[in-house]
Amino acid sequence: MTLVKTSHKRRSFLKISAATGGGMLIGFNWMTSCSSPEEETIAIPNEWFEMNGYIKIGDTGLVTIYSPNPEIGQNVMTSMPMIVAEELDVNWEHVVVEQGMLDEDVFHNPQFAGGSLSIMLGWDALRMAGATGRRMLLEAAAGEWGVQVSDLQVRDGIISEVNGDRSISYGDIASRAVDMEVPEEIELKDPKDFKLIGTYQKNVVGPQLVTGKSVFGLDFKREGMLLAMIQHPPAFGMKVKDFNQQEIKGMDGIRDAFIIDTGYEDEGRFDVNAFNQLIAIVGDSTWQLINAKKALKSNWETESTLESNQSHAESLARDLDNGTLQEERRDGDPDSAFAGAAKVIERTYSAPIIAHNTLEPMNFFAHVNGDKVELVGPTQTPNNLKESTSKMLGIPLENITVAMTRMGGGFGRRLYTHYGLEAAAISSKMSAPIKLIYSREDDMTQGTYRPAYRSTYKAGLDENNNLIAFSVKGVGFREGPVFPNRFPAGAIDHYYAVKRVSPSNISYGAWRAPRSHFTAGAEQSFLDEVAEAAGKDPIELRLELFDRAKTNPVGEEYEYDAERYAGVLKLVREKANWGEDMPGVYRGVAAYFCHNSYVAQILDLVMHNGQPKVKKVWCAVDCGIVINREGAKNIIEGGVVDGIGHAMYSELQFEDGAPVQENFNSYRLIRHGEAPEEIEVFFVENDISPTGLGEPGLPPAVGALASALYRATGQRYYHQPFTTKEQDQESRLLG
Amino acid sequence: MAIFDIEINGKKQQVDVDPATPMLWVLRDHLDLVGTKYGCGIAQCGACTIHIDGTAVRSCSMPVSAVGNKSVTTIEGLSEKGDHPVQKAWLEHDVPQCGYCQAGQIMSAAALLDSNPTPGDAEIDAAMNGNLCRCGTYTRIKAAIKTAATG
Ligand code: FES
Ligand code: FES
């Protein structure tokens, strides 16, 4: 039995009131965490007491859950309300989910909604809110009938006596429950009693999506709104000097053209941007703006190095081989162990810069009206945008509102605030409501890219083919791709991990499963090669290591649960019948832990007219309790396709500081015919609190693909994208 | 600028725009039909797919002046109640993730099934390859097309 407290130091996490139109309204904060109220030592953030989610139990019995969470495509609009409905004990058919009305006060407290964190952060709060509602409704009914709550039961929103005939629906008692006192402590359901959680439920906004009715940022419209586009310098390292302003201003449908500057002192963490100064054009219609952009004649100044693929490869190779790398972990005496090893395997892996390419390009609506600012658009970090706008425009925070629209994909791209700031700067200059839209070219060539990485893995085997020494060295722009305490740390006697950041003037950011998508691919295909050298089955080799980490761990700590890690591998091995002889099918396996979830995959590849084709991907996932199996499977499938697609095809090259690819004619994304024919997802059943799904499905796909490609072609793939020709794979290795 | 009378979703509409304006922007900016999406502007992603006399066309690359008196259908007009067999199959397979590409996917799939009611895998790939889904819902899309074909 889990008991949670509904208040802290007499401040309640919940706010109960009468709903307009009858019924009960329960206000709560989606991010409140109350799982360990006893040992609360950390300060409780003030925001946890701000209401940003509401449950309305109408007197018709209809339950409406207002979700403030932005929908990036992870299906949280369905899964999070399912948690509330479970604890509230209502029939899912009687639940309506609404995204917070953009103009309502209550939704002006949106918060950070980074990728896979949503469910983890919402779990406690949502359960508490639902359970409190249930309890108060029960108390109201008990009071009404003069009985004890323990004499009552609930089923699908109907309260009835255990030993009696009376029954009443939530709708009929809701108005009376408003006056009940909020219980101090509330009992949550035992996961084994869950009826709704763990079932397959369709996306609640599906009907809107298939009829084109969902409003994305780009679709947002306001009376009197003008449109705006920007032009950034053609290369990183360049700056705008001037442009044919008069000519552009005189064009059909163009209202104004000018240079904006979004820079300000003390920029925040999400203000990543290489170009603070941009040319902005404001007009009546998109087509007129596109034509005006084509007519631009601009002068640019070079202010720093113009980087290229060549210079990137050179600097990464130099830093990896000769640079001073920072030590992150060391166990035992790796140098002597490598020196004494019977076999040493050393391989270098790399990945190029890639763009996010959310299908909906960046855009934002802004209305700066005197000292009031209204911002509306696709952002994952509304609070950061608010703060940055306040600093940039010198307008107090309380005068700024940021509302979120549905987002056409995120993958980390919409954590960054610059496009919202640009919209605000343009609106401020125009003193008019404007919507800024990026063309695909703007979006692809002014990114917060996944940086390029380069890593060397090394393994030492003793004469009995035991893995006794292991090292990883990683360099990259923005960040070294090394997680020192993840697997196989803890499982190998002699181990070290070092990393380094290489300088670059290109703007980089988080990209779905940051770093993990690269480390998983490199490490997992490296282990495949190590297993081969050791004459061991690749799954067996990993299980031996997990066993070691479990029974006799090396070093002080490591960041994974070896049992759960091994669990997903065993599950996928069994489901896919690993070891079975399948003529013409080439298999690769990988397992990875990131964003608190464990995923193992087996990828089956066939050769079709000399081209590799992924036939099936088997996935075993341990993400704790699965809320909505339908949505969870969809997200894992998406991660698999994303992992395969980017590892196989995608790359953003640079020449003279400029991205070579600007649109989907030259930038390769995976397409229908290249997608796996089938993806099957299996979940580990347990009672552990739910963890992320948006990211963990992706990383293992890269490793499984690399190993399957090796079985099919006899060639190892070290450098992404794997479609890079054989001779280029060689030259990348040489750097 | 010039005046164009076009039939969209069974309704006559009039716009006064530059004749070179792509249908995509006529729909989105001038007629408030924003179900048709912009993804690339160069006929490479399929997000803007509409039907012109029943054939799938990338509206970002078709100037309004080329439409003439052919009839235009957008996602808003594919069915009255959202119950076109393709839309129903999409719901049954719970296809969308972010959903941004899906109007274009549905329009391409509906046109395919119109001309070829029982397409094989290779035919589905050929007809759908121009529609990108950045969220990776391809396997579900293929399954939904097969359901719509048999249903
Ligand atoms: S916007 Fe027309 S195909 Fe991409
Ligand atoms: S569902 Fe997001 S792009 Fe297809």
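In this convention, every chain numbers its residues from 1, walking through the sequence in written order. Lettering for chains starts from A, numbering for ligands starts from 1, and both go in the order in which the items are written. In keeping with the model being predicted, local features are shown solely for residues with a pLDDT of at least 70 and side-chain atom pairs are shown and tallied solely at 80 or more, while totals for entire chains, interfaces and linings include all residues. With hydrogens and water stripped out, all remaining heavy atoms of the structure feed into the side-chain values.

Novice: Help me get a handle on the overall build of chain A, residues and values and all.
Specialist: Helix numbering and strand numbering both begin at the N terminus, where a helix is a DSSP run of H or I of at least 4 residues and a strand a DSSP run of E of at least 2. Helix and strand counts for chain A come out as 17 helices and 32 strands. Computation of the radius of gyration draws on C-alpha atoms, with the globule rule given as 2.2 Å multiplied by the number of residues to the power 0.38. Its C-alpha radius of gyration of 28 Å places chain A within 12% of the 27 Å reference for a compact globule of 735 residues. Dimensions along the principal axes, computed over C-alpha positions, put chain A at roughly 80 × 75 × 50 Å. For chain A, buried positions account for 63% of its 735 residues. The contact criterion used throughout is that any non-hydrogen atoms of two residues lie within 4.5 Å. For chain A, restricting intrachain contacts to residue pairs at least 6 apart in sequence, the fraction spanning at least 24 positions comes to 77%. The protein chains shown are the only cover counted for residues, whose accessible areas, like all others here, come from Shrake-Rupley with a 1.4 Å probe. With the model as given, the accessible surface of chain A reaches about 27,100 Å², and the carbon-plus-sulfur share is 45%. Charge separation in chain A, taken as the distance between the mean sites of 71 positive and 102 negative side-chain charges, equals 2 Å. Only protein chains enter the calculation, and the probe is 1.4 Å; a residue is then buried if its accessible area is under 20% of its type maximum, exposed if over 50%, and partly exposed in between. In this charge count, Lys and Arg are treated as positive and Asp and Glu as negative; neither His nor the chain ends contribute. Here the site of a charge means NZ on Lys, CZ on Arg, CG on Asp, or CD on Glu.

Novice: I'd like a rundown of the pairing of strand β28 (residues 597-608) of chain A, residues and numbers included.
Specialist: One face of the sheet, then the other: side chains in a regular strand alternate in exactly this way. All names here are of chain A. The buried fraction of β28 is high, at 10 of 12 residues. Pairing geometry for strand β27 (residues 586-594) and β28, over nine bridges, is antiparallel. Paired with F593 across the bridge in β28 is Y598. Here, strands pair whenever DSSP counts at least two bridges between them. Taking the residues between adjacent antiparallel strands as the criterion, β27 and β28 are bridged by two residues, where H595 takes a positive phi near 50°. Between β28 and strand β29 (residues 611-622), which follow one another and run antiparallel, lie two residues, and N609 among them has a positive phi close to 50°.

Novice: Pulling in residues and values, what's your account of the nonpolar core?
Specialist: All names here are of chain A. In this description, a nonpolar core means a group of buried Ala, Val, Leu, Ile, Met, Phe, Trp, Tyr and Cys residues linked to one another through side-chain atoms lying within 4.5 Å. Counting 179 residues, the largest nonpolar core has M24, I55, I57, L137, I159, I426 and L705 as the members making the most contacts within it. For this core, the element with the highest residue contribution is helix α2 (residues 117-145), accounting for 12 residues. Aside from chain neighbours lying at most four places away, what touches I426 is A228, I230, F258, I260, A280, V282, I434 and L436. Residues Y349, V482, A562 and I602 belong to the second largest nonpolar core, which totals 54 residues.

Novice: Outline the sheet that holds strand β25 (residues 467-477) of chain A, supporting the account with residue identities and numerical values.
Specialist: All names here are of chain A. Reading across the sheet, the five strands line up as β18-β26-β25-β24-β19 and stay open at both edges, with mixed pairing between neighbours. Each of the sheet's edge strands pairs with one partner strand only, and the pair in question is β18 (326-331) and β19 (343-351). Between one strand and the next, the sheet's axes are offset by a mean angle of 10°, whatever the strand orientation. Inspection of the sheet shows β18 paired to strand β26 (residues 494-502) by five bridges, in the antiparallel sense. Axis angles are defined between N-to-C directions and span 0 to 180 degrees, where every axis is a line fitted to C-alpha atoms and, for a helix, only to the segment in contact.

Novice: Lay out the domain arrangement of chain B with the relevant residues and their values.
Specialist: All names here are of chain B. Each assigned domain of chain B is listed with its residue range as follows: domain 1 (2-77) and domain 2 (85-150). Boundaries of every domain are those given by an automatic assignment or by a domain database. Once you take the C-alpha centre of each, domain 1 and domain 2 turn out to be 21 Å apart. The partner domain 2 presents 12 residues to the 16 residues of domain 1 that form the contact. Around 1,100 Å² of area is buried between domain 1 and domain 2 when both sides are counted, 58% of it from carbon and sulfur atoms. What gets called buried area is simply the loss in accessible area from a 1.4 Å probe that two parts show on being joined, summed for both.

Novice: Residue-level account of the side chain of T389 of chain A, with values.
Specialist: Residue and element names in this part refer to chain A. By the element assignment, T389 lies in helix α9 (residues 382-393). We classify T389 as buried; its relative accessible area is 0%. Filtering out sequence-adjacent residues up to four positions away, T389 remains in contact with V373, L375, G394, I400, L421 and A424.

Novice: I'd like to hear about helix α3 (residues 170-177) of chain A, residue by residue, with values.
Specialist: One full turn of an α-helix is made of 3.6 residues, so residues set three or four places apart face in the same direction. Among the residues of α3 of chain A, Y170, G171, I173, A174 and A177 of chain A are the ones counted as buried. Along the axis of α3 of chain A, the buried positions cluster into a sector of 160°, meaning they face one direction only. Read the arc as the range of directions from the helix axis to the C-beta atoms.

Novice: Outline the pattern of salt bridges, listing residues and values.
Specialist: Residues and elements named next belong to chain A. Here, a salt bridge means any side-chain nitrogen of Lys or Arg that lies within 4 Å of a carboxyl oxygen of Asp or Glu. By the definition in use, this model includes 50 salt bridges over all chains. In this structure, R548 and D493 form a salt bridge, with 2.9 Å as the shortest nitrogen-oxygen distance. You can see R548 sitting in helix α13 (residues 538-551) and its partner D493 sitting in the loop between β25 and β26, a full 55 residues away along the chain. It is possible to trace a salt-bridge network through shared partners that takes in R347, D528, E529, E532, R711 and R716.

Novice: Which residues make up the interface of chain B and chain A, and what values go with them?
Specialist: Between chain B and chain A, the contact holds 52 residues from the first and 62 residues from the second. Between the two partners, chain B and chain A, sit six salt bridges. For the salt bridge of K37 of chain B with D219 of chain A, the shortest nitrogen-to-oxygen distance reads 2.5 Å. Here a polar contact is recorded for every N or O atom pair within 3.5 Å, except that within protein the pair must consist of a potential hydrogen donor and a potential acceptor, and residues adjacent in sequence are included only if both atoms are side-chain atoms. On inspection of chain B and its partner chain A, the count reaches 27 residue pairs in polar contact (both at pLDDT 80 or more). Put simply, the parts of the chain that give the side of chain B that touches chain A at least two residues each are α1 (23-30), α2 (85-92), α3 (102-115), α4 (121-128) and α5 (138-150) of chain B. Broken down by class, the residue content of the side of chain B that touches chain A amounts to 24 nonpolar, 17 polar and 11 charged. For this scheme, ten residues count as nonpolar: Ala, Val, Leu, Ile, Met, Phe, Trp, Tyr, Cys and Pro. Four count as charged, namely Asp, Glu, Lys and Arg, and the remainder, Gly too, count as polar.

Novice: Mind laying out the confidence of the model for chain B, listing which residues take part and the relevant values?
Specialist: A residue's pLDDT is the predictor's confidence in that residue, given on a scale from 0 to 100. In the predicted model, chain B carries a mean pLDDT of 97, and 100% of its residues have values of at least 70. Reported for the predicted complex are a pTM of 0.94 and an ipTM of 0.98.

Novice: Which residues make up α3 of chain B, and what are the values?
Specialist: All names here are of chain B. How far a helix is expected to stretch is found by multiplying one less than its residue total by 1.5 Å. For α3, spanning 14 residues, the distance from its first C-alpha to its last is 20 Å, which sits close to the expected 20 Å at 1.5 Å a residue. Burial of α3 is extensive: 12 of the 14 residues sit out of reach of the surface. Turning to α3, its buried residues are Q102, A103, G104, Q105, I106, M107, S108, A109, A110, A111, L112 and L113. In this structure, the buried residues of α3 make contact with β3 (49-52), β4 (55-58), β5 (71-73), α2, α4 and α5.

Novice: Can you break down the sheet that holds β28 of chain A residue by residue, with the values?
Specialist: Residue and element names in this part refer to chain A. The four strands are arranged β27-β28-β29-β32 in an open sheet whose pairing can be described as mixed. In this open sheet, the two edge strands, each paired with only one partner strand, are β27 and β32 (678-683). Neighbouring strand axes in the sheet, compared pairwise and without regard to direction, differ in orientation by 20° on average.

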